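# Remarks on the overall topology
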Amino acid sequence: MLRTTALVLAALATGGVAGPSAAQEARPYTPVTQARLENPEPRNWLMFRRTYDANGYSPLDQINAKNVKRLAPAWTFATGLREGHQSPPIVNDGVMFFTTPHNHVIALDARTGEQLWRYERALPEDLQELHPTNRGVALFGDRVYMATADAFLVALDARTGKVVWEQQIEDYTRGYYCTLAPLAVRGKILVGVSGGELGIRGFIAAFDAGTGKPAWKTFTIPAPGEPGSETWSGDAWKTGGVPVWVTGAYDPRLGLTYWGTGNAGPWAGDVRPGDNLYANSVLALDIETGRIVAHHQYHWNDSWDWDEVSTPLLLDFERGGRTIHGLVHPGRNGYLWFLERTQEQIGFVDAQPFVRNDVFTRLDPKTGRPEYDLDKKPATGRAATFCPSLSGGTNWMPSVYSPKTRLLYIPANENLCAMMNPQPVEYQAGQLFTGTQLAMGETLDFFLHAGAEDHIGEIQAWSIDGSPKEVWKKTFKSHNWGPLLVTGGGVLFSGGTNDRFFRAHDARTGELLWQQRTSSGVVGVPTTYEIDGVQYVAVLSGWGVDAERIQGAINGKRPPEQQVQVPQGGVLWVFALPK
Amino acid sequence: MSGAGERAAGARGVDSEREFAPCTRRALLEGLAVAGCLVPLHAFAQAVDPAAKSRPQIGDRLAFATGARAGQPLEASAVVLAAEPLSAWPMDATTGLLRDGSRLNQLRVLRLDPAALSPRTAPNAAEGVVAYATMCSHAGCDVTGWSAATRGLVCPCHGSEFSAEDAATVIRGPATQPLAMLPLRIENGELRVARGFTRKVGFTPA
């Protein structure tokens, strides 16, 4: 054991680099309390979706639909890294934190852009990074939390970037990794695991914010004998996937936290007969114990790689004169789901397609359970085509809701479909366990549906009350991989297209008000904050990961003159109105 | 997918029930409760001989990594022209120890037409047999795919393709760097490692 300890110490000693500047030493830092997380000051953006209800809305209104045309860069910051920069710049009283691919955390003066410190995780040399990205930090107390590509949770001192503790979440050599921003709730730090393509058994886990000690761990696949285990066959549950790619939401009133789950693996549903709970679902967990209080499965026995992982939006909507405490989820399966949340359950209200879905033939009006056109359901040795593609009608990119417009905004992709031809696959620890290659070819391919010559990417705005309807839609020739931000100033911000633009739209009408061509493609979550009376909008430009993968697939279907290469390299852009 | 149905020698079994192993850096650095600090326990549950983790050594033999003969020596005659690449591990020629303690040692071995090899490939090949590191130079996945038409080693994760005939240079990205090549020679019909890897195996997270 002595030798073991020495090895561990040696590994930890090289495990990160923190470089606080002299300016940082005396800088005040406002501790993040539970009260602040539940009711954040308008000037701040303290968590992945800003608020626990995951609406992605900021009340700031200095930048508005009238003056946004004057918006201009205030400063920029190059990360020096390639791949997908998806993190929101999170801001607490003048200090900004964001993450990069390969798990760097960068702390900046949010007004001037001065670097305060930078933490660089030393990742193991035998790590594979199927998704080289990270989606940001959580803040609690005077600490900054990141979940890493080698499946650790790291707690950093917010003032210095020094490691306070680190805790292994799972074993990366068995395919576990993390891409999400942790969620801080009532002294716990919650995370979920990626690895759905690598034969993991997914889970959500909570750790003590102070010590890193595990609090609870809830698998997304029940073990034999547990409720829901009857929806699995044989040993498929052990390696059945159901990852948790993206941060959940939280309802302080109910004490419940809501998380979307990914699809089961291998990808062809015939090798794991049954509904496969809790794949492609939203789970309500008791924040204190992790117990699964309720669930709703959007679709059963997935065979299309339609993870339903984007953060569910908690908001109230009206049906027949009744206000419903709701959960709204624009699905990767192309349906917009309206659900009702109570202390005991998640109930189906209604749903409708927001892009072409040629798989679902009908939804049960009471439960929402879809029926399938089986010719559209790939099985082992039986290819099938389907729309939307495996990248979905939407994907991980957060949708947003504005209480001012009472509109829901969805980054969507239309006219993009797929072919899957699954093959038999045997489990091998840490290796692909999908039954198809992930690269385009004979086992998996995208194709363009009629209409793609006009557009693939969309931003849709939907009413939520009564009979929800699409109110406006913007279209883009490019696919859209852009997270959204909507503000009290009535402005909807978004990048996501391969032309590298970051845009401002009128939240009421969709009218394009302003755009800035950036350094790379924008796949980061935009945020906004205020310091000394000045409102800023911040976003990472840094194309990569699935946006690039899909661009490659689309390029393969288009003549050379229409193929697009997007330059890589992460740069943080911060905008404000000129004085 | 080539190799998808095969099991690697030394692969860990399924252990989904394993619970957390609490450990903090502070506890380690302060020397607190070290005996109870369980973080890397799984990594040491099966003691790995350091020699099994070290990179291939000059004179090493090769051994099958997968299939019915996993762990057994791979003779030059078993590497057939125009067949799909085989998975292999380096093996200490004296002790017979497989160097399967690190993903960085896993190899793709195949036989090509010697006349088709580029000038920078031929010196590292043995009668047309070439060996490349399996780990992708882009993001570290195992490059297990094969394109017979282009003699391309294909990464199933992100689609990078590397020319087997030209020192694993990039045919198609996102990779920008070649795979590492392991120079071979043949001695009494046995494949032997002639020199160390031509470049660092794997990728630099940047």
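The rules we used
Residues numbered from 1 in each chain as written. Chains lettered and ligands numbered in written order. Predicted model: local features only at pLDDT ≥ 70, side-chain atom pairs only at ≥ 80, totals over all residues. Helix = DSSP H or I, 4+ residues; strand = E, 2+ residues; numbered from the N terminus. Buried ≥ 20, exposed ≤ 12 C-beta atoms within 10 Å, placed from the backbone. Contact = placed C-beta atoms within 7 Å. Core = buried A, V, L, I, M, F, W, Y, C linked by C-beta atoms within 7 Å. Pairing = 2+ DSSP bridges. Axes fitted to C-alpha atoms, helices over the stretch in contact; angles between N-to-C directions. pLDDT = per-residue confidence, 0-100.

### Some words on the overall build of chain B
From N to C terminus, chain B includes 3 helices and 10 strands. Start at the N end of chain B and walk to the C end: the helices and strands fall as α-α-α-β-β-β-β-β-β-β-β-β-β. In chain B, which comprises 206 residues, the proportion classed as buried is 46%. Contacts in chain B between residues at least 24 apart in sequence constitute 55% of all its contacts with a sequence separation of at least 6.

### Some points on the overall build of chain A
A tally of regular secondary structure across chain A gives 4 helices and 40 strands. Principal axes of the C-alpha set define a box for chain A whose edges measure 65 × 65 × 55 Å. Across the 579 residues of chain A, 61% fall into the buried class.

### Concerning the nonpolar core
Judged by nonpolar contacts, the single largest core of 226 residues is most densely connected at Tyr145, Ala184 and Ile189 of chain A together with Tyr132 of chain B. Not counting residues within four places of it along the chain, the set of residues in contact with Tyr132 of chain B comprises Leu107, Arg108, Leu153, Ala168, Leu179, Ala180, Met181 and Leu182 of chain B.

### So, the pairing of strand β10 (residues 143–147) of chain A
If a strand is regular, its side chains alternate between the two faces of the sheet. All names here are of chain A. Taking burial as the measure, the 5 residues of β10 include 5 buried ones, the bulk of the element. Covered by surrounding structure in β10 are Arg143, Tyr145 and Ala147 together with Val144 and Met146, the residues of both alternating faces. Counting the residues between successive antiparallel strands, the hairpin from strand β9 (residues 138–140) to β10 contains 2 residues, one of them, Gly141, with a positive phi of roughly 60°. In the sheet, β10 pairs with strand β11 (residues 152–157) via 5 bridges, with the strands oriented antiparallel.

### With respect to the sheet that holds strand β37 (residues 512–517) of chain A
All names here are of chain A. Spatially, β1-β34-β35-β36-β37 is the arrangement adopted by the 5 strands of the open sheet, whose pairing is mixed. Every interior strand has two partners, whereas the edge strands, β1 (57–58) and β37, have only one. Direction of pairing for β1 relative to strand β34 (residues 484–487): parallel, over a ladder of 2 bridges. Paired with Ser58 across the strands is Thr487, a residue of β34.

### With respect to the environment of Gln167 of chain A
Relative to the assigned elements, Gln167 of chain A resides in strand β12 (residues 163–168). Put simply, Gln167 of chain A and Pro214 of chain A are 47 residues apart on the chain and 8.6 Å apart in space, counted from C-alpha to C-alpha.

### Comments concerning unusual backbone geometry
Of note, the bond from Leu277 of chain A into Tyr278 of chain A is cis; its omega dihedral lies within 30 degrees of zero at 0°. Relative to the elements of secondary structure, Tyr278 of chain A occurs in the loop between β18 (256–260) and β19 (281–286). Put simply, Cys387 of chain A and Pro388 of chain A share a cis peptide bond, and its omega is -5°. Summarising the element assignment, Pro388 of chain A is placed in the loop between β27 (384–386) and β28 (400–402). Here Arg151 of chain B, not a glycine, exhibits a phi torsion of approximately 50°, which is positive. As for its position among the elements, Arg151 of chain B is in the loop between β5 (145–147) and β6 (152–154).

### So, the pairing of strand β1 (residues 61–64) of chain B
Residues and elements named next belong to chain B. A two-sided burial pattern is seen for β1, the buried positions comprising Arg61 and Ala63 on one face and Leu62 and Phe64 on the other. Two elements, β1 and strand β2 (residues 86–91), share 4 bridges in a ladder whose sense is antiparallel. Bridge pairing in β2 places Arg61 opposite Met91.

### Regarding the environment of Pro73 of chain B
Along the chain, Pro73 of chain B turns up in the loop between β1 and β2. For the pair Pro73 of chain B and Asp92 of chain B, spaced 19 residues apart in sequence, the C-alpha separation works out to 10 Å.

### Topic: the sheet that holds strand β21 (residues 313–319) of chain A
All names here are of chain A. In space, the 4 strands of this open sheet follow the order β21-β22-β23-β24, with antiparallel pairing throughout. Here the strands that pair on one side only, and so sit at the sheet edges, are β21 and β24 (346–353). The mean inter-strand angle of the sheet, taken between neighbouring strand axes irrespective of direction, is 35°. Pairing analysis gives 7 bridges linking strand β23 (residues 335–341) to β24, with the strands arranged antiparallel. Across the sheet, residue Leu336 finds its bridge partner in β24, namely Gln352.

### Re the confidence of the model for chain B
Of all residues in chain B, 77% have pLDDT values of 70 or greater, and the mean over the chain is 82. Ignoring residues within four places in sequence, the model shows residues 1–45 of chain B, a span with pLDDT below 50, making 83 contacts including any to other chains.

### Some words on the environment of Gly552 of chain A
Residues and elements named next belong to chain A. Mapping Gly552 onto the fold places it in helix α4 (residues 545–555). C-beta crowding within 10 Å serves as the criterion here: with 20 such atoms nearby, Gly552 is assigned to the buried category. Measuring from C-alpha to C-alpha, the distance between Gly552 and Asp61 comes to 39 Å, with 491 residues separating the pair along the chain.

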